[in-house]
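An overview of the molecular structure
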Amino acid sequence: MLKKRYNKAKTSCTVTFVVDAEQARGATGVYVVGDFNNWSRSATPMKRTDDGGFEAGVKLDAGREFHFRYLFDDERWDNDWHADKYVQSPFRDAENSVVIV
């Protein structure tokens, strides 16, 4: 799930990326990996929530689209089940999630 909070001038948006417990399926570590962090597998760790899910907030420039995926325990990739849209990934036989801000 994606939660969006724009600044007063609407020039940036803090996006909270949320993975629910069902999607996390017992993962011990989750990262949000995307073009906003140069697809770094360690730059944006998500914090565990009380219900067993994970979340992380990222400040992004408004008026753009950003591709991303979730990395679970450094081995399983998954998309956001509630992304704004999906696009074909150029590097594998998969799709990327997209957030539009």
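Details of the structure are given in the entry above.
What you see is a predicted model, and the numbers here were worked out from it, not measured in a lab.

Among the nonpolar cores identified, the biggest contains 20 residues, and Val 15, Phe 17, Val 19, Val 30, Met 46, Tyr 70 and Val 99 are the most heavily contacted of them. Broken down by secondary-structure element, the contributors of at least two residues to this core are strand E2 (12-19), strand E3 (30-34), strand E5 (54-61) and strand E6 (65-72). Sequence-distant contacts of Val 19, defined by excluding residues within four places in its chain, comprise Ala 24, Val 30, Met 46, Gly 53, Phe 54, Tyr 70 and Phe 72.

Right, let's get into unusual backbone geometry. The phi dihedral of Lys 10 is positive, around 60°, even though this residue is not glycine. Following the sequence through the fold, Lys 10 ends up in the loop between strand E1 (2-6) and E2. Phi is positive for Asn 38, close to 55°, though the residue is something other than glycine. Inspection of the secondary structure puts Asn 38 in the loop between E3 and strand E4 (47-48). A residue is classified by how much of its surface remains accessible, and Asn 38, at 71% relative accessible area, is exposed.

The subject of this paragraph is the side chain of Asp 80. By the secondary structure assignment, Asp 80 is in the loop between strand E7 (76-78) and strand E8 (85-88). Buried charge Asp 80 goes without a salt bridge, the closest partner of opposite sign being Lys 4 at 10 Å. In terms of polar contacts, Asp 80 uses its side chain to reach the side chain of Tyr 70, at 2.6 Å. In this structure Asp 80 touches Met 1, Leu 2, Val 18, Phe 68, Tyr 70, Tyr 86 and Ser 97, once residues within four positions along its chain are discounted.

For the rest of this paragraph, the subject is the layout of surface pockets. In this structure, the largest pocket spans a volume of roughly 180 Å³. In this structure, the largest pocket is lined by Val 33, Trp 39, Arg 41, Arg 69, Trp 77, Ser 89, Pro 90, Phe 91, Arg 92 and Asn 96. Class assignment of the residues belonging to the lining of the largest pocket gives a composition of 5 nonpolar, 2 polar and 3 charged.

This next bit is on the side chain of Thr 16. Residue position: Thr 16 is located in strand E2. Of the residues examined, Thr 16 reaches a relative accessible area of 17% and is grouped as buried. When neighbours within four sequence positions are excluded, Thr 16 is seen to be in contact with Met 1, Leu 2, Lys 3, Glu 55, Ala 56 and Gly 57.

Thresholds, definitions, all that
- Residues numbered from 1 in each chain as written.
- Predicted model: local features only at pLDDT ≥ 70, side-chain atom pairs only at ≥ 80, totals over all residues.
- Heavy atoms only, no water.
- Core = buried A, V, L, I, M, F, W, Y, C linked by side-chain atoms within 4.5 Å.
- Buried < 20%, exposed > 50% of the residue type's maximum accessible area, 1.4 Å probe, protein only.
- Helix = DSSP H or I, 4+ residues; strand = E, 2+ residues; numbered from the N terminus.
- Contact = heavy atoms within 4.5 Å.
- Lys, Arg positive; Asp, Glu negative; His and termini not counted.
- Salt bridge = Lys/Arg side-chain N within 4 Å of Asp/Glu carboxyl O.
- Polar contact = N/O pair within 3.5 Å; in protein donor to acceptor, adjacent residues only side chain to side chain.
- 1 Å grid on protein atoms, 1.4 Å probe; cavity = no way out; pocket = protein on both sides within 12 Å on 5 of 7 lines; lining within 4 Å.
- Points joined across faces, edges and corners; volume = space filled by probe spheres on them.
- Nonpolar A, V, L, I, M, F, W, Y, C, P; charged D, E, K, R; others polar.

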